[in-house]
Amino acid sequence: MLLLKLREVVLEANLELVQRGLVLSTFGNTSGVARDEGLIVIKPSGVPYEEMKPEHLVVTDLRGKIVEGTLRPSSDLPTHAALYRAFPAIGGVAHTHSEYATAWAQARKPIPCFGTTHADYFRGPIPLTNAMSDEEINGEYEANTGAAIISAFEKIDPMAVPAVLVANHGPFAWGTDPAKASENAWMLEAAARIAYFTVNINPHAGSIGKTLHDRHFLRKHGERAYYGQARTKG
Ligand SMILES: [Zn+2]
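Residues numbered from 1 in each chain as written. Predicted model: local features only at pLDDT ≥ 70, side-chain atom pairs only at ≥ 80, totals over all residues. Heavy atoms only, no water.

Chemist: Talk me through the pattern of salt bridges; I want residue IDs and the actual numbers.
Modeler: For the coordinates displayed, the defined rule picks out 5 salt bridges. One salt bridge connects Arg20 with Glu16, and the closest N-O pair in it is separated by 3.2 Å. Taking the relative accessible area as the measure of exposure, Arg20 reaches 25% and is therefore partly exposed. Here Glu16 falls in the partly exposed class, since its relative accessible area comes to 22%. Of the charged contacts in the structure, one is a salt bridge between Asp214 and Lys210, with a shortest N-O distance of 2.5 Å. Taken as a pair, Asp214 and Lys210 lie in helix α8 (residues 210–220) at a separation of 4 residues, close to a single helical turn. On the basis of relative accessible area, Asp214 is assigned to the buried category, the value being 15%. Residues joined by salt bridges that share partners form a network here, namely Arg123, Lys210 and Asp214. (Salt bridge = Lys/Arg side-chain N within 4 Å of Asp/Glu carboxyl O. Buried < 20%, exposed > 50% of the residue type's maximum accessible area, 1.4 Å probe, protein only. Helix = DSSP H or I, 4+ residues; strand = E, 2+ residues; numbered from the N terminus.)

So this is what it looks like as structure tokens:
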């Protein structure tokens, strides 16, 4: 069986989405990529989480062609694959319909960065994709969803803002590995929930200032990060 370790990691990251309350019904999927092999490991479609085992996961190439697996992959696979091709630094993608982030996606509003909870994980507002045309929806819908996400990041570094709202649909998040993608999906939901409360308390609330935003983001990310315990490089 190919990529056993990555299968286990992707399975665990999928279960984390459920444990964190981000998955409504079966609306959730996490994948991971093995860059050296050029292969994606993704959740199968329609297998109950409690029954899911590493061998149920599906291995495909970066075009979404099945390389190993007897079950059908998650129908969102072409979106995941598009993101892996466009964003070479990412190692995992997570998609949910978590409620607050989905509410912002349905309201078609980017999530402003109101405070440090958001700024710790996302360096700027969470962008919103453009609505898709009828042709895009009737055509290769999932691949076109990926294209809509990629065009929302023309001027944004996907590693600085590792999440997006797909208009009238819901969030996608990503990270350097599947666990990080799942964690970012969780933090996105927290930021979406707190932002919702913020605008209810004060509809005129302003975004966090740049200095405080950068201080929080950069103490966790990048060359001069100092938050948490020292990490061993390697
Ligand atoms: Zn979805």
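Resuming the write-up.
Chemist: Tell me what's going on with the pairing of strand β1 (residues 28–34), and back it up with residues and numbers.
Modeler: Counting buried positions over the 7 residues of β1 gives 7, a clear majority of the element. As judged from the 5 bridges shared by β1 and strand β5 (residues 92–96), these two strands associate in the antiparallel manner. The partner of Ser31 across the bridge, within β5, is Val93. Where β1 lies against strand β2 (residues 39–42), 4 bridges are found, and the strand directions are antiparallel. By the bridge assignment for β2, Val33 is matched with Ile40. Between the end of β1 and the start of β2, which pair antiparallel, lie 4 residues, with Gly38 showing a positive phi angle near 70 degrees. (Pairing = 2+ DSSP bridges.)

Chemist: Give a detailed account of α8, specifying residues and quantitative values.
Modeler: For α8, every residue scored as buried is listed here: His213, Asp214, His216, Phe217 and Lys220. The arc that holds every buried residue of α8, seen down its axis, measures 165 degrees, which confines them to one face. In α8, those exposed residues whose orientation departs by more than 90 degrees from the buried face are Thr211 and Arg215. Looking at the buried residues of α8, the elements they touch are α4 (116–119). Gly222 lies just past α8 and shows a positive phi near 85 degrees. (Arc of directions from axis to C-beta. Contact = heavy atoms within 4.5 Å.)

Chemist: Give a description of the packing of helix α3 (residues 99–107) against helix α7 (residues 178–201) that names residues and reports values.
Modeler: Helix-helix packing is characterised by the crossing angle of the two axes and by the distance between the axes. Packing of α3 against α7 brings their axes to within 7 Å, and their N-to-C directions diverge by 65 degrees. In terms of crossing hand, the pair formed by α3 and α7 is left-handed. The segment α3 lies against α7, with Glu99, Tyr100, Ala101 and Trp104 engaging Leu188, Glu189, Ala192, Arg193, Ala195, Tyr196, Phe197 and Val199. Taken together, the residues of the contact of α3 with α7 break down into 9 nonpolar, no polar and 3 charged. (Axes fitted to C-alpha atoms, helices over the stretch in contact; angles between N-to-C directions. Left-handed = near helix turned anticlockwise from the far one by under 90°. Nonpolar A, V, L, I, M, F, W, Y, C, P; charged D, E, K, R; others polar.)

Chemist: Explain the pairing of strand β7 (residues 170–175) to me, using residue names and the numbers behind them.
Modeler: The element β7 is largely enclosed, with a buried count of 6 among its 6 residues. The pairing of β5 with β7 spans 4 bridges and is classified as antiparallel. Bridge assignment links Val93 to a residue of β7, and that residue is Trp174. In this structure, the hairpin formed by strand β6 (residues 163–166) and β7 is closed by a connection of 3 residues, where Asn168 is found at a positive phi of approximately 60 degrees.

Chemist: Kindly report on the packing of aromatic side chains, identifying the contributing residues and their values.
Modeler: This model, assessed by the stated rule, comprises 7 aromatic pairs. Ring geometry for Phe153 and Trp174: centres 5.2 Å apart, planes at 70 degrees, overall edge-to-face. Pair noted here: Phe153 is in the loop between α6 (141–152) and β6 and Trp174 is in strand β7, with a separation of 21 residues, a long-range link. Considered together, Phe153 and Trp174 belong to a single accessibility category, that of buried residues. In textbook terms, an aromatic cluster arises when at least three aromatic residues are bridged by ring pairs, as seen for Phe87, Phe153 and Trp174. (Phe/Tyr/Trp six-rings, centres within 6.5 Å; stacked < 30°, edge-to-face > 60°.)

Chemist: Any details on α3? Residues and values, ideally.
Modeler: For α3, the full list of buried residues reads Ala101, Thr102, Trp104 and Ala105. On an axial view of α3, the arc spanned by its buried residues comes to 155 degrees, and they lie on one face. Opposite its buried face, α3 presents the exposed residues Glu99 and Gln106, each directed more than 90 degrees away. For α3, the elements touching its buried residues are β6, β7 and α7. Among the residues trailing α3, Arg108 stands out with phi positive, at a value near 55 degrees.

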